[in-house]
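Observations on the model geometry
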Amino acid sequence: QVQLVESGGGLVQPGGSLRLSCAASGRTVNMNTMGWFRQAPGQPREFVGTISWDGASTDVADTVKGRFTLTRDNVKNTIDLQMNNQKPDDTGVYYCAASLYHRLLRQSAEYDYWGQGTRVDVSS
């Protein structure tokens, strides 16, 4: 019912910046809370950030606080993740997710739709 496609990943040096974008299509009225997760090689998927249906509220993991920012455009049906001052530990596959809930969510099991992921490699 909802399709999510991430883009913008790539190779970046420590201290650099990348901007990821998630394009949504299909039954987008079912998208309320949105989230970003990431998965490092050999590690479980972890929470990165979440944003409310109207973009007014956000919450991010302590590991990215002050460096990553979530925004959304409900007219263009896009959700972005601005990543600044990147660290090697930011390396991994980043996934966009959408939920029917109207509150900020940090648990992957509470999201209903997922994108295929885009790879980010922070390395010198």
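Structure report, in brief. (Residues numbered from 1 in each chain as written. Predicted model: local features only at pLDDT ≥ 70, side-chain atom pairs only at ≥ 80, totals over all residues. Heavy atoms only, no water.)

1. Describing the nonpolar core
Counting 31 residues, the largest nonpolar core has Leu 4, Met 34, Trp 36, Leu 81, Met 83 and Tyr 94 as the members making the most contacts within it. Those elements that provide at least two residues to this core are β1 (2-7), β3 (18-26), β4 (34-39), β5 (46-51), β7 (68-73), β8 (78-83), β9 (92-98) and β11 (118-122). (Core = buried A, V, L, I, M, F, W, Y, C linked by side-chain atoms within 4.5 Å. Buried < 20%, exposed > 50% of the residue type's maximum accessible area, 1.4 Å probe, protein only. Helix = DSSP H or I, 4+ residues; strand = E, 2+ residues; numbered from the N terminus.)

2. Points about the pairing of β7
Every second residue of β7 is oriented toward a common face, the buried set being Phe 68, Leu 70 and Arg 72 and the non-buried set Thr 69, Thr 71 and Asp 73. Inspection of the sheet shows β7 paired to β8 by six bridges, in the antiparallel sense. Residue Arg 72 lies in a different strand from β8, and its bridge partner there is Ile 79. (Pairing = 2+ DSSP bridges.)

3. A short note on the side chain of Glu 6
Along the chain, the position of Glu 6 falls in strand β1. A distance of 2.6 Å separates a polar atom in the side chain of Glu 6 from the backbone nitrogen of Cys 96. Polar side-chain contacts of Glu 6 include one of 3.1 Å to the backbone nitrogen of Gln 116. Ignoring any residue separated from it by four or fewer positions in sequence, one finds Glu 6 in contact with Ser 21, Cys 22, Trp 36, Tyr 94, Tyr 95, Cys 96, Gly 115, Gln 116, Gly 117 and Thr 118. (Polar contact = N/O pair within 3.5 Å; in protein donor to acceptor, adjacent residues only side chain to side chain. Contact = heavy atoms within 4.5 Å.)

4. A word on unusual backbone geometry
Of note, the phi angle at Asn 77 is positive, near 60°, even though the residue is not glycine. In this structure, Asn 85 is a non-glycine residue whose phi angle is positive, near 50°. Position of Asn 85 relative to the elements: it lies in the loop between β8 and β9. Overall, the relative accessible area of 45% leaves Asn 85 in the partly exposed class.

5. So, the pattern of salt bridges
Pairing of side chains with opposite charge becomes possible as their charged atoms draw close. Applying the stated rule across the entire model yields seven salt bridges. Arg 67 serves as the salt-bridge partner of Asp 90, at 2.8 Å between the closest nitrogen and oxygen. In this pair, Asp 90 sits in the loop between β8 and β9 while Arg 67 sits in the loop between β6 (58-60) and β7, placing the two residues 23 residues apart along the sequence. Asp 121 is the salt-bridge partner of Arg 119, the closest N and O atoms lying 3.8 Å from each other. In this structure Arg 119 comes out as exposed when scored by relative accessible area, which is 52%. (Salt bridge = Lys/Arg side-chain N within 4 Å of Asp/Glu carboxyl O.)

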